[in-house]
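Residues per chain, in single letters:
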Amino acid sequence: MRAVRSKNTSPEVLVRKALHRRGLRFRLHRKDLPCTPDITLPRLKLVIFVHGCFWHQHLGCKRATVPVTNREFWQKKFRSNLARDEVARNTLEANGWHVATVWECETKSIEKIDRALDQILMKLKSSDAL
Ligand SMILES: [Zn+2]
């Protein structure tokens, strides 16, 4: 049962649509990879996580607030989320994957998503050129 965190959150669907428009082929929620990345682009050896700014505490983002009540609980919760993110990134990178994150706040318009994807793909190109 997953009541709270639905797999098909709308930011993720928007990113998928944007990839689709670019003709990029991807797979979803691959269970054979560490932490079941949201989106995997096998040809580019790229995984994309679509992260909620609140749950993953997007640095410098206004959505990344810590609730005033139960502060300690939330801080602990966020710390464990971030630790898990880092393990996922390290494990995937150790297996030869590029790891990128699209933040929820970057999915508020098609233009923003495209900008985020442009950045990811540009970075990918420059790292492959090394
Ligand atoms: Zn954000």
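See the structure above.
Residue numbering note: each chain is counted from 1, following its sequence as written. Totals for whole chains, interfaces and linings use all residues, but because this is a predicted model, local features are given only for residues with pLDDT of at least 70 and pairs of side-chain atoms are given and counted only at 80 or more. Side-chain numbers here rest on the full set of heavy atoms in the structure, without hydrogens or water.

## Description of the side chain of His29
Point 1. Numbering of helices and strands runs from the N terminus; a helix is a DSSP stretch of H or I covering at least four residues, while a strand is a stretch of E covering at least two. Structurally, His29 is set in the loop between strand 1 (27-28) and strand 2 (39-41).
Point 2. Since its relative accessible area comes to 14%, His29 is described here as buried. Only protein chains enter the accessibility calculation, which uses a 1.4 Å probe; a residue is then buried when its area is under 20% of its type maximum, exposed when over 50%, and partly exposed in between.

## Here's the deal with the packing of aromatic side chains
Each aromatic ring pair is characterised by the separation of its centres together with the angle its planes make.
Point 1. Only Phe, Tyr and Trp rings are paired, with Trp represented by its six-membered ring, and only when their centres lie within 6.5 Å; those with planes under 30 degrees apart are stacked, over 60 edge-to-face, the remainder tilted. Taken as a whole and judged by the stated rule, the model has six aromatic pairs.
Point 2. Taking the centre distance of 5.2 Å and the plane angle of 80° together, the rings of Phe54 and Trp55 count as edge-to-face.
Point 3. By relative accessible area, which is 31% here, Trp55 ends up partly exposed.
Point 4. The structure contains a cluster of three or more aromatic residues connected by ring pairs, namely Phe54, Trp55, Phe73, Trp74 and Phe78.

## A few points about unusual backbone geometry
Point 1. Although it is not a glycine, Lys45 sits at a positive phi angle of roughly 55°.
Point 2. Judged by its relative accessible area of 34%, Lys45 falls in the partly exposed class.
Point 3. Of note, the phi angle at Asn70 is positive, near 60°, even though the residue is not glycine.
Point 4. Residue placement: Asn70 occurs in the loop between strand 3 (46-51) and helix 2 (71-94).
Point 5. The exposed category is assigned to Asn70, whose relative accessible area is 57%.

## Describing the sheet that holds strand 4 (residues 98-103)
Point 1. In this scheme, strands are said to pair when DSSP sees at least two bridges between them. Ordered by their spatial adjacency, four strands build an open sheet running 1-2-3-4, and the pairing between neighbours is mixed. Edge positions in the open sheet fall to strand 1 and strand 4, since each of these has one partner strand only.
Point 2. Strand direction decides the pairing type here: strand 3 and strand 4, joined by six bridges, are parallel. From the neighbouring strand, Val47 faces strand 4, where its bridge partner is Val99.
Point 3. Contact definition: two residues touch when any of their heavy atoms are within 4.5 Å. Axis angles are defined between N-to-C directions and span 0 to 180 degrees, where every axis is a line fitted to C-alpha atoms and, for a helix, only to the segment in contact. Against the sheet, helix 1 (residues 10-21) engages strand 1, strand 2, strand 3 and strand 4, with an angle of about 20° to strand 2.

## Concerning the coordination of the zinc ion
Point 1. Because water is not among the atoms used, a metal site may look incomplete, as its donors are only the N, O and S atoms within 2.8 Å, or 3.2 Å for Na, K and Ca. The zinc ion binds to the protein through Cys53 (SG), His58 (ND1), Cys61 (SG) and Cys105 (SG); the donor distances cover 2.0 to 2.4 Å.
Point 2. In short, tetrahedral needs four donors with all angles between 85 and 135 degrees, square planar needs four and octahedral six donors with opposite donors over 155 degrees apart and all other angles between 65 and 115, and whatever is left is irregular. In this structure, the zinc ion is coordinated by four donor atoms arranged in tetrahedral fashion, with angles at the metal of 103 to 114°.
Point 3. Of note, the donors binding the zinc ion are all from one chain and are spaced C-x4-H-x2-C-x43-C. Of the two residues, Cys53 and His58, neither departs from the other in class, the shared state being buried.

## Remarks on the pattern of salt bridges
Point 1. A pairing counts as a salt bridge when a side-chain nitrogen of Lys or Arg comes within 4 Å of a carboxyl oxygen of Asp or Glu. Under the definition given, this model contains five salt bridges.
Point 2. A salt bridge links Arg16 to Glu12, with the nearest nitrogen and oxygen atoms 3.2 Å apart. With Arg16 and Glu12 both in helix 1, this residue pair falls four residues apart, about one helical turn. Accessibility assignment for this pair places Arg16 and Glu12 in one class, buried.
Point 3. Between Arg30 and Asp32 there is a salt bridge, with the nearest N and O atoms lying 2.8 Å from each other.
Point 4. Here the residues in one salt-bridge network are Arg22, Asp114 and Asp118, joined through shared partners.

Purely geometric numbers; function is a separate question.
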